[in-house]
Amino acid sequence: MVPRYLRPLLALIAIAALPAAAQNELFIDQVDVNVVNVEVFVTDRDGNRVAGLSQEDFEILEDGRAVEISNFYSVSYQDAFAPAPEPGRRAMPQPRREIPPDQQLHLAIFMDHAHIYPASRRQILEELEGFIEDRLIEGDKIMLVGFARSLEIVEPFTQDHQRLLRGLGKMSKEAAYGPMIDAQRRQAFRSMTLFADGGDPQAAAANIRTAHGFVRSYVQSVQSDTRKVTESIEKVVRSLAGLPGRKALLYVSNGLPQRPGEEAYQYLLDITGAAALRSASVSGVGIDPALEAIRDDEAPLFERVTREANAHQVTLYALDAGGSGGGSGLSADLNQIDTGVGDSGRVTLDALRANNLREPMIELAEATGGASVINTNNFGDGLARMAADFDTYYSLGYNSPRGGDGKYHKIQVRVKRPDLRVRHRTGYIDKPQTEKVADRTLSSLLLDLESNPLGIEVETGEPELHDRNRYLLPVLVRIPMRQVTLLPNGDTQEGRLQIYVVVKDEKGGVSDLHQHPYPVSIPTEMLEKARQTDVGYLARLELLSGKPKIAVGVWDELSGEESFVQRKVLVERPPKAKKGR
């Protein structure tokens, strides 16, 4: 739920001539033309990158139907080097060929401090220093993002090496919550052990219910943390929507659980037995750990993240900071479970948990055409394999036949050579233009991007105390009428604007994005005078005291022109006027 103090309370005023009633409904047949770009990575049977293919070597199917490839671009790592020099002559470095803006890579590195251990993060950060330097040489733009208890843009997109190094240094000082999660988990297990043991049948049933309560409490805590970080990943993904070119996000952590508390359910089953759990019913229903684990499965949550990434053509990569050990966990006395199939079936709870944590990282990457680096301590080699995607790829584009229907569509790319393998995103959401502008407004807020061809202005008034430390802040958006596209409709000139407002507080909390359709209707006889005035929109935002940032987007539907601006404002109680003597 969005915090109450971030919910915009919006009202509307007109500064230009008041809109007159339209004689006829203005009908404009608009068709969203969406170009879908698909990054394709091709390897041979041995996993070696394949370069030199042409457009004719590929075919694309959307929802099982072939579509025509309209755009084709290929890059291979060899493009960065000159041919071998002639004997006796010194090799001269060949600069990488200029990459067009629609192929510029924007890479967001997302460090999940809430699900990582200090030692793991330290090693990863050391490897990232060299990785970032190499990517800057290749001309990429990089952003550093951190999540502890809230989302933080540590460094917005830049090609400044020193700024990024300072950002990595800042990340190294952030609290890492992996050990805290482990302590919480061990406490839950010890509490289960204490309460699930023995006594007469009636007391044993009560104790098992108490132990089950510890499991539920632990699971709910894990679920809450998982949902917070996935929501933050979604916000970053959406913020990339307004950027041109290729977009990728590298997620770094010790993993996210697809089935929160799976190992806790298994431990409870192991120490009590299935029969005892069934008899110790809760609200008349026997306890079934397997059923509860299935019910708590967060697969839909991760599917939502991948769909969001595919909707914005963002490729996800995942780096498992746990390495081949999978991270720390339980002490030996709590770490052994019996699968019931003899000695060969005995596994550790940590192994069960490690697999649970890695599944979403693999799925996030595969569904978006990216790659995951898991179960290895050689992070440098893993990052190098990831970089190979950025340096050797094919970009295929086609015009969506759907026209922004807002639905998810499957994509399949084939290579007309049976000995080759392809990897790419599995689908996309064909978003209508109104949603794309909303996403670009969020991009403006989070990435400090500003584009203002409509010449809009944003002004703020004096904050008014509303409730304790909450204030109502008037925000006025001015849009020059001379910039608004109008079409004749009977005795009036009419236009269509969409206005978007979103707020971020000092702690990184982001409000829901408010979208308001704003039709403009001017009597034709008043048009010349109206062109010298402004259209106005007044939003009253309920905010906590501090220095929030407000982003405003305006879309002129008839011309397709868009403007995005942000303003950081000071929200505090106005000083009291001094009383006269």
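Everything numeric in this text was worked out from a predicted model, so none of it was measured. (Residues numbered from 1 in each chain as written. Predicted model: local features only at pLDDT ≥ 70, side-chain atom pairs only at ≥ 80, totals over all residues. Heavy atoms only, no water.)

Draft legend 1. Representation of the environment of valine 67. Note that valine 67 resides in strand β4 (residues 65–67). Residues valine 67 and serine 400, 333 residues apart in the sequence, show an inter-C-alpha distance of 8.4 Å. Look past the residues within four positions of valine 67 in its chain and what remains in contact with it is Ile60, Glu62 and Tyr398. (Helix = DSSP H or I, 4+ residues; strand = E, 2+ residues; numbered from the N terminus. Contact = heavy atoms within 4.5 Å.)

Draft legend 2. Seen up close, the nonpolar core. Counting residues in each nonpolar core, the largest one holds 34 residues, and the members touching the most others are Leu128, Ile132, Leu144 and Leu250. At the level of secondary structure, the elements contributing two or more residues to this core comprise β5 (71–75), β6 (105–112), α1 (118–137), β7 (141–147), α2 (161–172), β9 (246–253), β10 (314–320) and α10 (379–391). Among the elements that make up this core, the one with the highest residue count is α1 (six residues). Those residues within four positions of isoleucine 132 in sequence are excluded, and the remaining contacts are Ile109, Ile142, Leu144, Leu164 and Leu168. Listed in part, the 32 residues of the second largest apolar core include Leu243, Leu256, Val502 and Val510. (Core = buried A, V, L, I, M, F, W, Y, C linked by side-chain atoms within 4.5 Å. Buried < 20%, exposed > 50% of the residue type's maximum accessible area, 1.4 Å probe, protein only.)

Draft legend 3. How the structure looks around the sheet that holds strand β2 (residues 35–43). Reading across from one edge, β5-β14-β2-β16 is the order of the four strands in this open sheet, with antiparallel pairing throughout. Each edge of the sheet is formed by a strand with only one pairing partner; in this case those strands are β5 and β16 (421–423). On average, adjacent strands in this sheet sit at an angle of 25° to one another, irrespective of strand direction. Here six bridges tie β2 to strand β14 (residues 393–399), and the two strands are oriented antiparallel to one another. Looking at the pairing, valine 38 lines up with leucine 396 of β14. (Pairing = 2+ DSSP bridges. Axes fitted to C-alpha atoms, helices over the stretch in contact; angles between N-to-C directions.)

Draft legend 4. Focus on the sheet that holds strand β15 (residues 408–415). Ordered in space as β4-β3-β15-β17, the four strands form an open sheet in which the pairing is antiparallel. At either margin of the open sheet sits one strand with a lone partner, and together these are β4 and β17 (427–429). Taken pair by pair, the neighbouring strands of this sheet meet at an average axis angle of 35°, ignoring direction. With three bridges connecting them, β15 and β17 associate as antiparallel partners. Following the sheet pairing, tyrosine 408 is matched in β17 by isoleucine 429. Lying on the sheet, helix α8 (residues 299–311) is in contact with β15 and β17; it crosses β17 at an angle near 80°.

Draft legend 5. Structural detail: the pattern of salt bridges. Here the structure, examined in full by the defined rule, presents 33 salt bridges. Here aspartate 140 makes a salt bridge to arginine 135, at a shortest N to O gap of 2.7 Å. For arginine 163, the salt bridge is made with glutamate 155, and the minimal N-O distance between the two is 2.9 Å. Among the ionic contacts, a cluster of salt bridges with common partners joins Asp182, Arg185, Glu263, Asp350 and Arg353. (Salt bridge = Lys/Arg side-chain N within 4 Å of Asp/Glu carboxyl O.)

Draft legend 6. Fine view of the packing of α1 against α10. As a packed pair, α1 and α10 sit with axes 10 Å apart at the nearest point and diverge in direction by 30°. The orientation of α1 with respect to α10, classified from their angle, is roughly parallel. Where α1 crosses over α10, the two elements pack in a sense that is right-handed. Across the interface between the two elements, Gln123, Ile124, Glu127, Leu128, Phe131 and Arg135 of α1 pack against Phe379, Gly380, Leu383, Ala387, Phe390 and Asp391 of α10. Classifying every residue of the contact of α1 with α10 gives seven nonpolar, two polar and three charged. (Parallel < 35°, antiparallel > 145°, perpendicular 65-115°, else oblique. Left-handed = near helix turned anticlockwise from the far one by under 90°. Nonpolar A, V, L, I, M, F, W, Y, C, P; charged D, E, K, R; others polar.)

Draft legend 7. Looking closely at the packing of aromatic side chains. Per the counting criterion, the structure on display carries six aromatic pairs. Where phenylalanine 58 meets tyrosine 394, the ring centres are 5.1 Å apart and the plane angle is 55°; that geometry is what we call tilted. Residue phenylalanine 58 is located in strand β3 (residues 58–62), and its partner tyrosine 394 is located in strand β14; the two are separated by 336 residues in the primary sequence. Both rings, one in phenylalanine 110 and one in tyrosine 251, keep their centres 5.8 Å apart while their planes meet at 45°; by these two values the pair is tilted. With phenylalanine 110 in strand β6 and tyrosine 251 in strand β9, the pair connects residues that are 141 residues apart, well separated along the chain. (Phe/Tyr/Trp six-rings, centres within 6.5 Å; stacked < 30°, edge-to-face > 60°.)

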